[in-house]
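Summary of structural features
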Amino acid sequence: MESLDDIIEDVNKNIKKVFLAGVAPEFRQEAYIISLKLTLDRLAREVEFAQKDDCSSEPVSPEQ
């Protein structure tokens, strides 16, 4: 699983690539919003995966 810092670094690199390729000023806010949404979606998937992994790694207690 990627760390939060790795995810943020990847997103920053992708945003930089988009702006280096040329984004018209009127679309910059939209580009930032899209990047933020993608980042949040990715973080949500990572958290969900980590939670599932934590639940599956817990020892099963015997029923009494």
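This structure is a prediction, so every number in the text was calculated from the model and none was measured.

Any two side chains of opposite charge can pair, on the condition that their charged atoms come close. Taken as a whole and judged by the stated rule, the model has 3 salt bridges. Where Asp10 meets Arg42, a salt bridge forms, and the shortest distance between an N and an O atom there is 3.2 Å. Here Asp10 is found in helix H1 (residues 4-21), whereas its partner Arg42 is found in helix H2 (residues 28-57), with 32 residues between them in sequence.

Of the pockets and cavities examined, the largest pocket occupies roughly 160 Å³. If you trace the largest pocket, you find it lined by Val11, Asn14, Ile15, Val18, Phe19, Ala31, Ile34, Ser35, Leu38, Thr39 and Arg42. Every element with two or more residues in the lining of the largest pocket is listed here: H1 and H2. Taken together, the residues that form the lining of the largest pocket break down as 7 nonpolar, 3 polar and 1 charged.

With that settled, the discussion passes to the nonpolar core. Where a protein is soluble and globular, its nonpolar side chains tend to be buried together. Core analysis: the largest hydrophobic core is formed by 6 residues, namely Ile7, Val11, Ile15, Phe19, Val23 and Ala31. Sort the elements by how many residues they give to this core and H1 lands first, with 4 residues. Ignoring anything within four residues of it in the chain, the contact list for Ile15 reads Tyr32 and Ser35.

What counts and what doesn't
Residues numbered from 1 in each chain as written. Predicted model: local features only at pLDDT ≥ 70, side-chain atom pairs only at ≥ 80, totals over all residues. Heavy atoms only, no water. Salt bridge = Lys/Arg side-chain N within 4 Å of Asp/Glu carboxyl O. Helix = DSSP H or I, 4+ residues; strand = E, 2+ residues; numbered from the N terminus. 1 Å grid on protein atoms, 1.4 Å probe; cavity = no way out; pocket = protein on both sides within 12 Å on 5 of 7 lines; lining within 4 Å. Points joined across faces, edges and corners; volume = space filled by probe spheres on them. Nonpolar A, V, L, I, M, F, W, Y, C, P; charged D, E, K, R; others polar. Core = buried A, V, L, I, M, F, W, Y, C linked by side-chain atoms within 4.5 Å. Buried < 20%, exposed > 50% of the residue type's maximum accessible area, 1.4 Å probe, protein only. Contact = heavy atoms within 4.5 Å.

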